[in-house]
Amino acid sequence: CLICAIAMASVALFSCNANISDETELPSNLHTVKFNSNGGTYISDVEVRNGQKISEPTPPTRENYIFLYWENNNRRWLFTSKEVTEDITLSALWISAADLFKILPTENPDELLISGFATQKSIYNLTIPEKINGKTVVGFTDNAFESIHEDHAEHLTIPSTVHSVGEEAFKNIKKVHIKFLGTISSLGVSSFEDCDHLETVK
């Protein structure tokens, strides 16, 4: 009986040690990815197992700015290929909307029109802000986004404040998805002329 009791105690002690070992090893296999939105909307932290990838979160928003991408150590983080092997912080990179777009005034001093790109940036999800420098974006001029393609943006979201689109504003677009969040009351002639490779318009 004494031998049996010792044997049972040994088994119990081994089992307890095994559980402690499992509990202490599991957290070391997890890493935390923090998101610093640099003035944009809050993005929650993500926990991931060592060597795994994470999905790209919904882009943050920031008044008067356009989100470009997430970076780590001044290098763009590629969510489709980069694996997480340690705790990291990804920081949002922004460009001023006033620097990205050409803008024109309207008769209303509180509104403006976008007439095209002032500089070319590759932005996968380009969401045009409702306001730039405190003025509401209400429309696009003629030829505003003529010939844009996936090197400019693959997904272009138009805010609900936009209600007019000029002539040939989206002419000859290639491989771009366009989403209108509001109602367009004025659509110019040939707005989507020669868009043989336009993928979707909502």
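The following refers to the structure shown. (Residues numbered from 1 in each chain as written. Predicted model: local features only at pLDDT ≥ 70, side-chain atom pairs only at ≥ 80, totals over all residues. Heavy atoms only, no water.)

### Let's talk about the sheet that holds strand E5 (residues 88-96)
In step 1: The mixed open sheet is built from five strands, whose spatial order is E2-E1-E5-E3-E4. The open sheet has two edge strands with one neighbour each: strand E2 (46-49) and strand E4 (75-76).
In step 2: Bridging between strand E1 (residues 30-36) and E5 involves four bridges; their strand directions are parallel. Looking across to E5, one finds that Lys34 is bridged to Thr89. (Pairing = 2+ DSSP bridges. Helix = DSSP H or I, 4+ residues; strand = E, 2+ residues; numbered from the N terminus.)

### What about the layout of surface pockets?
In step 1: The space that makes up the largest pocket amounts to roughly 290 Å³.
In step 2: Residue lining of the largest pocket: 18 residues in total, with Pro60, Thr61, Thr127, Ile128 and Pro129 positioned closest to the centre.
In step 3: Considering every element that reaches the lining of the largest pocket, the biggest residue donor is strand E3 (residues 65-72), with three residues.
In step 4: Approximately 240 Å³ is the volume attributed to the second largest pocket.
In step 5: In terms of residues, the lining of the second largest pocket owes the most to one element, E3, which gives three residues.
In step 6: Residues belonging to the lining of the second largest pocket are distributed by class as follows: nine nonpolar, two polar and two charged. (1 Å grid on protein atoms, 1.4 Å probe; cavity = no way out; pocket = protein on both sides within 12 Å on 5 of 7 lines; lining within 4 Å. Points joined across faces, edges and corners; volume = space filled by probe spheres on them. Nonpolar A, V, L, I, M, F, W, Y, C, P; charged D, E, K, R; others polar.)

Functional significance is not addressed by these values, which are geometric in nature.
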